[in-house]
Amino acid sequence: MKEAKYPLQCRPAGWLRRSVMLYCSPDLWFLILIVISTLTTGSVSDIGPVKVKLHDSATLSCSERCSGLARWTVFHKRSDPLAECDQTSCRSVKEGYLMIHDQYLKGNLSLTITEADFSKRGWYTCDCDLKDVSDVRLQIEPLNTTVEMMAGESLILSADVSDAVDVIYNSAGTPGPSSGQICTVDGPSLRCKPEYTQRSSLTSGLELRRTTPSDSGVYTVMDSRNKEVLHTYTVTVQDVQHSSIWKDGYQKGNSDGYQKGSEVGYRNGLGIGAGVFGIIALALGVILGMFAGPQMRLLMDTCIQRIRREDPLDRRRGDPSVGLQGEDMESGVALARASEPER
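A. Region of interest: the pattern of salt bridges. For the coordinates displayed, the defined rule picks out 14 salt bridges. For the salt bridge of arginine 121 with aspartate 223, the shortest nitrogen-to-oxygen distance reads 2.9 Å. Residue arginine 121 is located in the loop between strand E10 (111–113) and strand E11 (122–128), and its partner aspartate 223 is located in strand E20 (residues 217–223); the two are separated by 102 residues in the primary sequence. In this structure arginine 121 comes out as buried when scored by relative accessible area, which is 14%. On the basis of relative accessible area, aspartate 223 is assigned to the buried category, the value being 1%. Among the salt bridges present, the one from aspartate 215 reaches arginine 199, with a minimum N-O distance of 2.8 Å.

Here it is, written out as structure tokens:
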């Protein structure tokens with residue numbers, strides 16, 4: 001049996017002047033391309049990585065006096081320029097990538113990425129007339145999120161990128177699953193350790209259901225290929241009785257309940273007091289009506305009789321002389337009218 005001419009991890013499939021197609025690991029593939037480019041085109045400046053916050057602008061430096069066409073490309077897409085300049089002007093071939101003509105004329109070929117996100121991470125190459133000048137790596141600062149939750153809730157860890165990512169768990173010291181890689185997310189595919197399989201799924205991210213205090217710890221989402229940390233979650237899972245959220249809710253509930261109870265009790269007390277007073281007044285009225293009614297009627301009759309005796313009109317009506325005097329007066333008037341002579 002013949003020995004393999006090349007190691008199994010790296011087999012050249014074909015040679016080109018400026019690049020090579022390799023069946024290799026990504027890191028080895030990149031190193032070989034750097035060596036080939038250096039040997040065929042001369043010295044290439046390898047600038048340290050540029051690290052920015054998510055959605056911030058980023059400037060990738062490149063310095064070279066270029067009398068021809070200067071351009072920037074993604075390292076593994078050399079035929080697909082992002083921005084370019086010549087002696088006449090600069091052009092943004094793709095939106096969000098800029099080169100400045102005044103700077104180009106001074107030998108500053110820097111590229112500005114207006115809004116950096118995880119999809120723009122990686123290596124970029126600056127060249128002048130197809131001669132590589134520098135390679136620059138863009139990185140995004142890892143996101144840090146603190147999560148406080150109650151036992152039984154679901155924890156969702158965002159992958160942030162479409163590339164394959166590993167989820168690594170570091171225990172916070174509570175008894176529970178051992179630290180280490182717990183899941184790998186690759187597009188719609190999810191692979192997890194057996195103890196996580198039954199309660200893990202893909203929704204808007206990796207969802208870990210039915211959490212317990214033993215799930216407290218640090219969860220790191222890492223790019224599987226580049227081993228680059230993308231997102232770190234510091235998670236605290238509390239029992240319901242020990243949760244500050246539960247305590248605040250309990251205290252608020254007690255306070256609200258006391259206040260509402262006092263208001264309701266006050267209104268109910270007023271209503272009950274008015275009802276009792278009305279019942280007592282009704283009972284007193286009934287008692288007074290039963291026992292004091294006859295005496296009241298006798299007293300009223302006595303008063304009426306006394307008023308009648310004291311009335312002068314009633315006394316005149318009872319005196320006979322008053323009637324005779326009235327009759328005499330009427331007779332005198334009649335006699336006087338009869339004695340008057342006719343005219």
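B. How the structure looks around the sheet that holds strand E5 (residues 58–60). In space, the 3 strands of this open sheet follow the order E5-E10-E9, with antiparallel pairing throughout. Either end of the sheet is taken by a strand with one partner, and the two such strands are E5 and strand E9 (97–98). Alignment of E5 against E10, held across 3 bridges, turns out to be antiparallel. Residue pairing in the sheet places alanine 58 in a bridge with isoleucine 113 of E10.

C. The arrangement of empty space enclosed by the protein in detail. Under the counting rule described, the total for this entry stands at 3 cavities of 30 Å³ or more. Approximately 40 Å³ is the volume found for the largest cavity. Counting residues per element, the ones that place at least two in the lining of the largest cavity are strand E14 (155–157), strand E16 (180–186) and strand E19 (206–208). The class makeup of the residues in the lining of the largest cavity is 8 nonpolar, 1 polar and no charged.

D. The arrangement of the state of the cysteines in detail. Counting across every chain of the model gives 4 disulfides. Each sulfur of the disulfide joining cysteine 85 and cysteine 90 lies 1.7 Å from the other. With the S-S dihedral at roughly 110 degrees, the linkage between cysteine 85 and cysteine 90 falls on the right-handed side. The disulfide that involves cysteine 183 links it to cysteine 192, with 2.0 Å between the sulfurs. In this structure, the disulfide formed by cysteine 183 and cysteine 192 twists by about 110 degrees around the S-S bond and is classed as right-handed. The class of cysteine 183 is buried, set by a relative accessible area of 1%. On the basis of relative accessible area, cysteine 192 is assigned to the partly exposed category, the value being 21%.

What counts and what doesn't
Residues numbered from 1 in each chain as written. Predicted model: local features only at pLDDT ≥ 70, side-chain atom pairs only at ≥ 80, totals over all residues. Heavy atoms only, no water. Salt bridge = Lys/Arg side-chain N within 4 Å of Asp/Glu carboxyl O. Helix = DSSP H or I, 4+ residues; strand = E, 2+ residues; numbered from the N terminus. Buried < 20%, exposed > 50% of the residue type's maximum accessible area, 1.4 Å probe, protein only. Pairing = 2+ DSSP bridges. 1 Å grid on protein atoms, 1.4 Å probe; cavity = no way out; pocket = protein on both sides within 12 Å on 5 of 7 lines; lining within 4 Å. Points joined across faces, edges and corners; volume = space filled by probe spheres on them. Nonpolar A, V, L, I, M, F, W, Y, C, P; charged D, E, K, R; others polar. Disulfide = S-S within 2.5 Å.

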